[in-house]
Amino acid sequence: MSESTLVLRPAKDDEAEAVLRFWKDAAENTDRHDTPEGIRRLIARDPEALMIAELDGRMVGTLIAGWDGWRCHLYRLAVDPTLRRQGVARALLAAAEQRFTALGGTRADAMVIHENALGHQAWTALGYHLQTQSGRWVKPLPGYPTG
Ligand SMILES: CC(C)(COP(=O)(O)OP(=O)(O)OC[C@H]1O[C@@H](n2cnc3c(N)ncnc32)[C@H](O)[C@@H]1OP(=O)(O)O)[C@@H](O)C(=O)NCCC(=O)NCCS
């Protein structure tokens, strides 16, 4: 990666399928219910939220930096398996945190699967810690996929 410059940019709505393909390879624990429509909906609602890291025109990393006007939520941090440990995640997170700060956010959070030891190492190294005093409470709404 030394000769190339990492470019960070928002995803375009015609990239939904490419993003899904990328997650199949790079995001080992991706939700199997992700759909192109869901990605396009995200981009339509917040065109800056889905960030792509690109190297020589190739997608090498993603991060969703979701701002709902109240809190800052991070999802789908994923880096091409052949380009890991070269600072791509660090760069994506730095950009996401800058975005949150500019929007008025003061704390970012990420959903991290308990068994994802690699993820824990990376999030810890990037300054995040597990909040033990609360957990996620969920309820499927109409339309939630059951398969
Ligand atoms: C987790 C992941 C996004 C990290 O991406 P990355 O670009 O390799 O991370 P970076 O190079 O920016 O590393 C940042 C820091 O995280 C830590 N880290 C990253 N990968 C690590 C590993 N395999 N072992 C130990 N520490 C690691 C290091 O401290 C690293 O800093 P350093 O290289 O200066 O020591 C990548 O491994 C990945 O896509 N994993 C699969 C998807 C996933 O689990 N995502 C998290 C979902 S919550």
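You'll find the structure just up there.
Residues numbered from 1 in each chain as written. Predicted model: local features only at pLDDT ≥ 70, side-chain atom pairs only at ≥ 80, totals over all residues. Heavy atoms only, no water.

Novice: For the site of the ligand, give the residues involved together with the corresponding values.
Specialist: Residues in close proximity to the ligand total 19 residues, the closest being Leu77, Val79, Arg85, Gly87 and Asn116. Here glutamine 86 contributes a backbone N or O atom positioned 3.2 Å from an oxygen atom of the ligand. At 2.8 Å from an oxygen atom of the ligand is found a main-chain nitrogen or oxygen belonging to glycine 87. Within the complex, 80% of the 910 Å² of free accessible area of the ligand lies under protein. At the level of elements, strand S4 (72-79), helix H3 (88-103) and helix H4 (117-125) are the ones that each hand at least two residues to the shell around the ligand. It is H4 that provides the largest number of residues to the shell around the ligand, a total of five residues. Of the residues in the shell around the ligand, the class split is eleven nonpolar, four polar and four charged. (Near = heavy atom within 4 Å. Polar contact = N/O pair within 3.5 Å; in protein donor to acceptor, adjacent residues only side chain to side chain. Areas by Shrake-Rupley, 256 points an atom, 1.4 Å probe, with all protein chains shown as cover. Helix = DSSP H or I, 4+ residues; strand = E, 2+ residues; numbered from the N terminus. Nonpolar A, V, L, I, M, F, W, Y, C, P; charged D, E, K, R; others polar.)

Novice: Can you tell me about the nonpolar core, naming the residues and giving the values?
Specialist: Membership of the largest hydrophobic core comes to 19 residues, with the highest contact counts inside it found for Leu74, Leu93 and Ala96. The set of elements that each furnish at least two residues to this core consists of strand S2 (50-55), strand S3 (58-67), S4 and H3. A total of six residues in this core trace back to one element, the largest contributor, which is H3. The residues contacting alanine 96, other than those within four sequence positions of it, are Met51, Leu63, Ala65 and Leu74. Formed by 15 residues, the second largest nonpolar core is a distinct cluster that contains Ala16, Val19, Ala27 and Ile52. (Core = buried A, V, L, I, M, F, W, Y, C linked by side-chain atoms within 4.5 Å. Buried < 20%, exposed > 50% of the residue type's maximum accessible area, 1.4 Å probe, protein only. Contact = heavy atoms within 4.5 Å.)

Novice: Tell me about helix H1 (residues 16-26), and name the residues and values.
Specialist: Listing the buried residues of H1 in full gives Ala16, Val19, Leu20, Phe22, Trp23 and Ala26. With its buried residues spanning 160° around the axis, H1 presents them on a single face. Across from the buried face of H1, at angles greater than 90 degrees, the exposed residues are Arg21, Lys24 and Asp25. Residues of H1 that are buried sit in contact with helix H2 (36-45), S2, S3 and S4. (Arc of directions from axis to C-beta.)

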